[in-house]
Amino acid sequence: QVQLVESGGGLVQPGGSLRLSCAASGSIRSINAMGWYRQAPGKQRELVARITYVGSTMYADSVKGRFTISKHSGKNAVYLQMNSLKPEATAVYFCHALLTTTSAWETSDYWGQGTQVTVSS
């Protein structure tokens, strides 16, 4: 069993900042990559940022220069620092991990339950 638990969402004014955290726990053998996706009402889930085991990062064009993804390998954790937030960032943010468990050799996708981020004045 693997669990991803997110925290850090909330309500923030335009131009403000939030920091999301996600910790993976359970029968984890290795983590290939972790990332953040978001889903706004009526829209498809989209990739926000991703970081690999070796630290390579990628970002959606809409957040480049304002969001920063980082990780703490020892804690199986990933973070998303979101600065200069805009109302269009309002969405449920989901933590994602591509990992291998101790009971299998193939990698699988795991998701957190989501945390709401609302950017509004």
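Structure's up top.
Attention here is on the structure that accompanies the text. (Residues numbered from 1 in each chain as written. Predicted model: local features only at pLDDT ≥ 70, side-chain atom pairs only at ≥ 80, totals over all residues. Heavy atoms only, no water.)

## Concerning the pairing of strand β9 (residues 91-101)
Within β9, nine of the 11 residues are buried, which leaves it mostly tucked inside the rest of the structure. As paired strands, strand β4 (residues 28-39) and β9 are joined by 10 bridges and run antiparallel to one another. Bridging from a neighbouring strand, Ile-28 pairs with Thr-101 of β9. Alignment of β9 against strand β11 (residues 115-119), held across three bridges, turns out to be antiparallel. Note on β11: the bridge partner recorded for Tyr-93 is Thr-115. (Buried < 20%, exposed > 50% of the residue type's maximum accessible area, 1.4 Å probe, protein only. Helix = DSSP H or I, 4+ residues; strand = E, 2+ residues; numbered from the N terminus. Pairing = 2+ DSSP bridges.)

## Considerations on the pattern of salt bridges
Considering all chains together, one arrives at two salt bridges under this definition. Its salt-bridge partner being Glu-46, residue Arg-38 comes within 2.7 Å of it at the nearest N-O pair. Arg-38 sits in the buried class, given a relative accessible area of 8%. Glu-46 sits in the partly exposed class, given a relative accessible area of 35%. For Asp-61, the salt bridge is made with Lys-64, and the minimal N-O distance between the two is 3.0 Å. (Salt bridge = Lys/Arg side-chain N within 4 Å of Asp/Glu carboxyl O.)

## Focus: the nonpolar core
Counting residues in each nonpolar core, the largest one holds 31 residues, and the members touching the most others are Met-34, Trp-36, Leu-80, Met-82 and Tyr-93. Breaking this core down by element, the ones donating at least two residues are β1 (2-7), β3 (18-26), β4, β5 (46-52), β7 (67-72), β8 (77-82), β9 and β11. In terms of residue count, β9 provides more of this core than any other element does, five residues in total. Beyond its immediate stretch of four places on either side in the chain, Met-82 contacts Gly-16, Ser-17, Leu-18, Leu-20, Arg-66, Phe-67, Tyr-93 and Val-117. (Core = buried A, V, L, I, M, F, W, Y, C linked by side-chain atoms within 4.5 Å. Contact = heavy atoms within 4.5 Å.)

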